[in-house]
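Below, each chain spelled out in residue letters.
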Amino acid sequence: LFNRRAQFPRGNVLTIAGSDSGGGAGIQADLKTITLLGSYGASAMTALTAQNTRGVAAIHGVPAEFLAQQLDSVLSDIHVDVVKTGMLFSADNIGIIADKLQQYGKKIIIIDPVMLAKGGAELIDREALAIFKKRLLPCAYLLTPNIPEAEKLTGFTVSCEDDMQRAAKTLHQMGARNVLVKGGHLAEGTAVDILFDGKNFSQFPVPRILTKNTHGTGCTLASAISTFLAQGEPLPQAVARAKEFITAAIKLAHPLGKGHGPVNHYM
Ligand code: PLP
């Protein structure tokens, strides 16, 4: 293995997110995905979770000043092509992230508006949601809400594809340049994700996979899109390839622990 010719990563991605001690979601899922798909991953932590496949036992937020130090350390030294955000935890963290992305002129920002863990634990507080809408959402090159997140951000119910399109339009009006509303939470049939670029809608349908091992799905998808963008793919292709990847990663998810196992990062 070590005699092979060195492979170098193509493109650099910075993930700003929370740590999942169980290794299936958050920063850990992001770095595994970015590495597997061939880019370099740097990270800035917003919070630490004590977590396993059964749920979140505790959350320890990172002080915003220390998050700022992590962002300065990375962004003043390492060329970052794409920034991806996940669990942000607090209003102070969100303010710092918006300030730093502006200070360093970062433009390709993929925002996964993480709000709830699968087990129901709140990963962002109420005050933070308001600041998120005001300060960070308008910085998004791409926003990737699932249905509950789209509902929380827009304030209306999303229960069919027409509602998903309406939510995507509203989120675009709120400032996100492109919006990918993920349909996995809709009740039945094919799972369709809808991409809106401000003019046109594209559909990404995939057959629904029945499995309990979906921990880290959202983090992994947003990281895969970020990685393909860092490698120079246009957005629709980056989304299409990331969807192919996450579908395989869910199909090949391995049972781990007693709860929801992680998607597969070893393909
Ligand atoms: N980020 C962290 C740190 C988490 O703990 C979780 C879920 O538990 C998530 C993000 C969201 O996970 P998923 O990708 O399954 O939506």
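Please refer to the structure higher up on the page.
These numbers come from a predicted model, not from an experiment.

Asker: I'd like a rundown of the nonpolar core, residues and numbers included.
Answerer: Among the nonpolar cores identified, the biggest contains 74 residues, and I225 and A242 are the most heavily contacted of them. Excluding residues that lie within four positions of it along the chain, A242 makes contacts with L221, A224, I225 and F228.

Asker: Report on the pairing of strand β7 (residues 178–181), specifying residues and quantitative values.
Answerer: Burial along β7 is two-sided: N178 and L180 and V179 and V181, pointing in opposite directions, are all buried. Across 2 bridges, strand β6 (residues 142–143) lies against β7 in parallel orientation. Across the sheet, the residue bridging to L143 is V179, located in β7. As defined by bridge partners, β7 adjoins strand β8 (residues 191–196) across 3 bridges and the pair is classed as antiparallel.

Asker: Describe in detail the site of the ligand, supporting the description with residues and values.
Answerer: In the region of the ligand, 18 residues are neighbours, and G18, A25, G26, A117 and G218 sit closest. Put simply, the parts of the chain that give the shell around the ligand at least two residues each are β1 (12–20), β2 (40–52) and α7 (217–230). Residues that form the shell around the ligand fall into these classes: 7 nonpolar, 9 polar and 2 charged.

Asker: Please set out the pairing of β8 residue by residue, giving values where relevant.
Answerer: As defined by bridge partners, β8 adjoins strand β9 (residues 201–206) across 6 bridges and the pair is classed as antiparallel. The partner of L195 across the bridge, within β9, is S202. With antiparallel pairing between neighbouring strands as the criterion, β8 and β9 make up a hairpin whose turn holds 4 residues, including G198 at a positive phi of roughly 100°.

Asker: Break down the sheet that holds strand β4 (residues 82–85) for me, with residues and values.
Answerer: Read from one edge to the other, the open sheet built from 9 strands follows the order β3-β2-β1-β4-β5-β6-β7-β8-β9, with strand pairing classed as mixed. Unpaired on one side and paired on the other, β3 (55–61) and β9 mark the two borders of the sheet. Helix-sheet contacts for helix α2 (residues 64–75) involve β1 and β2, and the interaxial angle to β2 is about 155°.

Asker: Before we move on, could you go through α2 and cite the residues and values that matter?
Answerer: In an α-helix, one turn spans 3.6 residues, which is why side chains three or four residues apart end up on the same side. Helix length check: α2 (12 residues) gives 16 Å between terminal C-alpha atoms against 16 Å at 1.5 Å per residue, within 8%. Considered for burial, the residues of α2 that qualify are L67, L71 and L75. Projected down its long axis, α2 shows its buried positions confined to an angular sector of 55°, all on one face. Structural note: α2 exposes E65 and S73 on the side pointing more than 90 degrees away from its buried face.

Asker: Give me the lowdown on helix α3 (residues 91–103), citing residues and values where you can.
Answerer: Taking 1.5 Å as the rise per residue, α3 with 13 residues should run 18 Å; its terminal C-alpha atoms sit 18 Å apart, in good agreement. Considering only its buried residues, α3 is in contact with β1, β2, α2, β4, β5 (109–111) and α4 (126–136). Backbone geometry just downstream of α3 places G105 in the positive-phi region, at approximately 65°.

Asker: Let's hear about the packing of α3 against α4: which residues, and what values?
Answerer: In contact at an axis separation of 8 Å, α3 and α4 are set at 15° when each is read in the N-to-C sense. As summarised for this structure, α3 and α4 are arranged roughly parallel, according to the angle between their axes. Taken as a pair, α3 and α4 cross one another with a handedness that is right-handed. In contact with A91, I94, G95, I97 and A98 of α3, α4 contributes E127, A128, I131, F132, R135 and L136.

Rules used throughout
Residues numbered from 1 in each chain as written. Predicted model: local features only at pLDDT ≥ 70, side-chain atom pairs only at ≥ 80, totals over all residues. Core = buried A, V, L, I, M, F, W, Y, C linked by C-beta atoms within 7 Å. Buried ≥ 20, exposed ≤ 12 C-beta atoms within 10 Å, placed from the backbone. Contact = placed C-beta atoms within 7 Å. Helix = DSSP H or I, 4+ residues; strand = E, 2+ residues; numbered from the N terminus. Pairing = 2+ DSSP bridges. Near = placed C-beta within 6 Å. Nonpolar A, V, L, I, M, F, W, Y, C, P; charged D, E, K, R; others polar. Axes fitted to C-alpha atoms, helices over the stretch in contact; angles between N-to-C directions. Expected span 1.5 Å × (residues − 1). Arc of directions from axis to C-beta. Parallel < 35°, antiparallel > 145°, perpendicular 65-115°, else oblique. Left-handed = near helix turned anticlockwise from the far one by under 90°.

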